[in-house]
Amino acid sequence: MFAGHHIQALPPHLLRKLADAFDGGLLPDHPTPESLKSEVGIRGGAEDLISDINQLARLGISGRAVAAWIRAVEQASAKVPSPDLVWSGPEVPGLHARDTRRVYEELFDHAERSVWVSTYAYFDGPQAFAHLAQRLDDIPGLRVTILLNIQRARGDTTAEDQLVRRFTDQFWGKDWPGSSKPAVYYDPRSLDPSGPSGVLHAKAVVVDDEAVFVTSANLTEAAFDRNIELGVLIRHRILASSVANHFQALIDNRHLRPLPTS
């Protein structure tokens, strides 16, 4: 088998951590499972990685040379976009995947120009939107657009405008924790009193038209920490821009309506 097979199978964020650890002298030439866990965060499959590292050593690649080899592998693979799998729920030994909560937070924390967020549901708004609101307050000119679902409860005969007003007061008064306001839109079909209709069910994040995260997870604690949820994070400008453009087209064609700002 080709040297480094298991290393190459690591997701990009662990490849970078592994290279940094060798580059900074945090890992010895012959690391242990414990050192890989403490310095890189690898919890399963450490023995396979150690086998790869030992195989590289037999080829004369060790220490900082391993870091250089890993970075070369990462650069070569970056030419073909490789998605990161993102999971919520129980950890599975030997499988390496991103964590849903961390991906949401990292995307929000590193946004520079624009953020699109679409979610069917959220819970505990001040916590769910904390990182995004802070980033919007910190970065002048950051464009944040949030797409939300306003649901009419079964049997509720309240007028549509009153339901929107109730949601608006709740969102701006209690759920949004920042001083700067994003643009918020909703799908009016979910408020149709005549019966079941379409709803905004997409769960996705697009940041700077460069990274897109599509997931089954809503912005809730259960989806972050307890449910088994699956998503895909990919850094690909064409794909990210395509998703953002589709959201914008839904707004431009009035399929989504703006939430009042007060």
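Please refer to the structure placed before this passage.
Residues numbered from 1 in each chain as written. Predicted model: local features only at pLDDT ≥ 70, side-chain atom pairs only at ≥ 80, totals over all residues. Heavy atoms only, no water.

1. Brief notes about the environment of Ser216
Consideration 1: Assignment of secondary structure puts Ser216 in the loop between strand S7 (211-215) and helix H10 (221-225).
Consideration 2: Taking the relative accessible area as the measure of exposure, Ser216 reaches 33% and is therefore partly exposed.
Consideration 3: Separated by 68 residues in sequence, Ser216 and Leu148 have C-alpha atoms that sit 15 Å apart.
Consideration 4: Once residues lying within four places of it in the same chain are set aside, the contact partners of Ser216 are Lys203, Glu229 and Leu230.
Consideration 5: Within the local environment of Ser216, its side chain forms a polar contact with the side chain of Glu229, the two groups lying 2.5 Å apart. (Helix = DSSP H or I, 4+ residues; strand = E, 2+ residues; numbered from the N terminus. Buried < 20%, exposed > 50% of the residue type's maximum accessible area, 1.4 Å probe, protein only. Contact = heavy atoms within 4.5 Å. Polar contact = N/O pair within 3.5 Å; in protein donor to acceptor, adjacent residues only side chain to side chain.)

2. A closer look at the pattern of salt bridges
Consideration 1: In the structure shown here, the tally under the stated rule is 12 salt bridges.
Consideration 2: Where Arg71 meets Asp20, a salt bridge forms, and the shortest distance between an N and an O atom there is 2.9 Å. With a gap of 51 residues between them, Arg71 in helix H5 (residues 64-78) and Asp20 in helix H2 (residues 12-23) connect regions that are remote in the sequence.
Consideration 3: On the basis of relative accessible area, Asp20 is assigned to the partly exposed category, the value being 45%.
Consideration 4: Three or more residues joined by partner-sharing salt bridges are found here, namely Asp20, Asp23, Arg64 and Arg71. (Salt bridge = Lys/Arg side-chain N within 4 Å of Asp/Glu carboxyl O.)

3. Re the side chain of Ser88
Consideration 1: You can see Ser88 is positioned in strand S1 (residues 84-88).
Consideration 2: On the accessibility criterion, Ser88 (4% relative accessible area) is buried.
Consideration 3: Within polar-contact distance, the side chain of Ser88 engages the side chain of Thr100 at 2.6 Å.
Consideration 4: Apart from the residues within four sequence positions on either side, Ser88 is in contact with Thr100, Ala223, Phe224, Asn227, Ile228 and Glu229.

4. Points about the packing of aromatic side chains
Consideration 1: Scanning all chains against the criterion turns up 11 aromatic pairs.
Consideration 2: Between the aromatic rings of Phe129 and Phe171, the centroid separation amounts to 5.7 Å while the plane-to-plane angle is 75 degrees, which identifies the pairing as edge-to-face. Of the two residues, Phe129 sits in the loop between helix H7 (125-128) and helix H8 (130-138) while Phe171 sits in helix H9 (residues 160-175), which places them 42 residues apart along the sequence.
Consideration 3: A relative accessible area of 0% places Phe171 in the buried class.
Consideration 4: Arranged with centres 4.8 Å apart and planes meeting at 80 degrees, the rings of Phe171 and Trp172 form a pair that is edge-to-face.
Consideration 5: Classification of Trp172 as buried rests on a relative accessible area of 14%.
Consideration 6: In textbook terms, an aromatic cluster arises when at least three aromatic residues are bridged by ring pairs, as seen for Tyr122, Phe129, Phe167, Phe171, Trp172 and Trp176.
Consideration 7: Across the ring face of Trp172, the terminal group of Lys181 is positioned such that the distance to the ring centre comes to 4.7 Å. (Phe/Tyr/Trp six-rings, centres within 6.5 Å; stacked < 30°, edge-to-face > 60°. Lys NZ or Arg CZ within 6 Å of the ring centre and 35° of its normal.)

5. Things to note about the nonpolar core
Consideration 1: Ranked by internal contacts, the top residues of the largest apolar core, which has 37 residues, are Val115, Phe171, Trp176, Val205 and Leu259.
Consideration 2: Elements with a minimum of two residues in this core: helix H6 (100-109), strand S3 (114-118), H8, strand S4 (143-148), H9, strand S5 (183-186), strand S6 (204-207) and S7.
Consideration 3: The element best represented in this core is H9, accounting for 5 residues.
Consideration 4: Not counting residues within four places of it along the chain, the set of residues in contact with Phe171 comprises Tyr122, Phe129, Leu148, Trp176, Val184 and Leu259. (Core = buried A, V, L, I, M, F, W, Y, C linked by side-chain atoms within 4.5 Å.)

6. A few points about the environment of Ser190
Consideration 1: As for its position among the elements, Ser190 is in the loop between S5 and S6.
Consideration 2: Ser190 sits 37 residues away from Ala153 along the chain, and the two C-alpha atoms are 9.7 Å apart.
Consideration 3: Not counting residues up to four positions away in its chain, the partners in contact with Ser190 are Asn149, Ile150, Gln151, Arg152, Gly198 and Val199.
Consideration 4: A distance of 3.1 Å separates the side chain of Ser190 from the backbone oxygen of Asp187, its partner in a polar contact.

7. Quick notes on the pairing of S3
Consideration 1: Within S3, 5 of the 5 residues are buried, which leaves it mostly tucked inside the rest of the structure.
Consideration 2: Residues Ser114, Trp116 and Ser118 point to one face of S3 and Val115 and Val117 to the other, with burial holding for every one of them.
Consideration 3: When S3 meets S4, the two strands line up parallel, connected through 5 bridges. When the bridges of S4 are listed, Trp116 appears paired with Thr145.
Consideration 4: Alignment of S3 against S6, held across 4 bridges, turns out to be antiparallel. By the bridge assignment, Ser118 is partnered in S6 with Ala204. (Pairing = 2+ DSSP bridges.)

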